[in-house]
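Spelled out, the chains give:
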Amino acid sequence: MNQKITVAKGDGIGPEIMDATLKIIVAAGAKIDIEEIEVGEKVYLAGNTAGIAKESWDVIRRNKIFLKAPITTPQGGGYKSLNVTTRKFLGLYANVRPCNSLHPFVATKHPEMDIVIVRENEEDLYAGIEHQQTDEVVQCLKLISRPGCEKIVRYAFEYTKQYGRKKVTCFTKDNIMKQTDGLFHQVFDEIAKEYPGIENEHWIIDIGAAKMADTPEAFDVIVMPNLYGDVLSDVAAQIAGSVGLAGSANIGTQCAMFEAIHGSAPRRAGQNLANPSGLLQGAVMMLNHIGQTDVAEKVQNAWLKTIEDGIHTYDVYKEGTSVKKVGTKEFAEAVIANLGKQPTTLKPVNFANGSALTLKPYIRKAPAKKELVGVDLFVHWNGTNPNELADKVKAIATENVHLSMITNRGIKVWPEGFEETFCTDHWRCRFKPLEGANISKADIITLLSKAQSLEIDVIKTENLYNFDGKAGYSLGQGQ
Ligand code: NAD
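Residues numbered from 1 in each chain as written. Predicted model: local features only at pLDDT ≥ 70, side-chain atom pairs only at ≥ 80, totals over all residues. Heavy atoms only, no water.

## Topic: the side chain of Gln-133
Counting through the fold element by element, Gln-133 comes out in the loop between strand S6 (130–132) and strand S7 (138–140). Accessibility expressed as a relative area gives 13% for Gln-133, which makes it buried. A polar contact is formed between the side chain of Gln-133 and the side chain of His-426, at a distance of 2.7 Å. (Helix = DSSP H or I, 4+ residues; strand = E, 2+ residues; numbered from the N terminus. Buried < 20%, exposed > 50% of the residue type's maximum accessible area, 1.4 Å probe, protein only. Polar contact = N/O pair within 3.5 Å; in protein donor to acceptor, adjacent residues only side chain to side chain.)

This is the structure we're talking about:
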């Protein structure tokens, strides 16, 4: 039975590379029925700031599988990124981007590179929860959830198992962000134990990224939170040879979207110049995902053979290495002519074990014992001497709760701060219970009410909890 898929031809070079891609996969025997929708520039300019009409969402949700060409986001404010919206609305939690070199046919400094970046796609700083709190300070909330971590880490290990890879590496910055990145790392360690046959390791992101850019062959599958993955997946694609050659999959529990990683290259549009390889790589991942692994394998090996034959579009064409410079259509025809053939220098792929991954559903753990142990009051204050602020704020203490610390941008400035520490107008005043006392929500209300009467400008509060006796908050730097 044919699989119904939603196709959007996008803008710029989109229609040309989509036609080429569909022609190749259909010639290879893909059993698909196509339902086309319009997204992108025309829809944006017609006044829809999301770049997609409601009826198109219905089509995407009904068919579940979405192959999308790049779109042009019009210049000027107010237009929302269709990619970000699609990922979040459809719960596409995993962004998967294979980056491998095609040495010696496409120039790269890393001939042995063959890595897959698995990026968390829904949370982290991309929750987009931002606030200005004082004249001088804005904040962005970094949200990391246990289900978010479990889903992405499990996906990385299942992917590794299914595609016969050997190792999963986790990148975080948990030496600094002990709660958020700490949770990601902790979940990685927990889930790694369920896969004894797969090697696992953790790197701090800074040195890990440096190592990846310098010696990518040291890595196999790398899993990481959203922001790091966003940056490093582009680095990885670029050092593999060209961002124009990479595709990506966005996978959710119900729906999935497949695309090229590059944009709509408007200056190249309509000239039969563009390289369809990135979108074709997305389509190969799609074919694997829908279980048509034999077709995916046939397409991928024909594509590798075409690259190896030196049949190249202008973007990868290089005098001496390439044999023939071709346009989009001719490249597609060359791939079609190679269907059934295998590359001889490049390693042919074997997707025998491919297809959609089925993951264990997330099971919520029994709730921990949650105990209120303090509160941080964030205060907007234009003074510069923390001792003065401490004297002011101490006055709001209750019979149970006292001021224990003030920090400015995380650094302890009271008690015993350094006068060298630079301070902005954003102060965190930590209140803890006195020895032998407890703190309740009523104490917090009292603190706030006293602050109000003393005209202390509290801009937000953050409760401090212990979970099963373990502190669920960070100490002040220098505390
Ligand atoms: P781009 O990826 O479109 O182009 C960057 C460079 O790479 C250009 O020189 C272009 O000619 C070249 N290039 C890209 N793809 C190519 C291909 N397949 N074959 C040959 N050459 C190719 O990035 P940009 O110029 O920054 O963005 C152009 C438009 O694309 C913008 O409107 C941007 O918002 C949009 N965009 C869309 C997506 C998406 O839909 N997923 C992603 C990135 C950018």
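## Details of the pattern of salt bridges
Counted under the stated rule, the structure contains 26 salt bridges. Linking Arg-165 and Asp-220 is a salt bridge whose minimum nitrogen-to-oxygen distance equals 2.8 Å. Of this pair, Arg-165 sits in the loop between helix H5 (146–162) and strand S8 (167–172) while Asp-220 sits in the loop between helix H7 (205–214) and strand S10 (221–224), and the two are 55 residues apart along the sequence. Grouping residues by exposure puts Arg-165 and Asp-220 together as buried. (Salt bridge = Lys/Arg side-chain N within 4 Å of Asp/Glu carboxyl O.)

## Quick notes on the domain arrangement of the chain
Segmentation of the chain into domains returns domain 1 (1–91 + 241–348), domain 2 (109–240) and domain 3 (370–471). Relative placement of domain 2 and domain 3: their C-alpha centres are 34 Å apart. Counting residues at the interface gives seven residues for domain 2 and eight residues for domain 3. Summing both sides of the interface, domain 2 and domain 3 together bury roughly 680 Å²; the carbon and sulfur share of this comes to 46%. Where domain 2 touches domain 3, the interface holds zero salt bridges. Across the contact surface, domain 2 and domain 3 share five residue pairs in polar contact (both at pLDDT 80 or more). (Domains from an automatic or database assignment. Contact = heavy atoms within 4.5 Å. Buried area = accessible area lost by both parts, 1.4 Å probe.)

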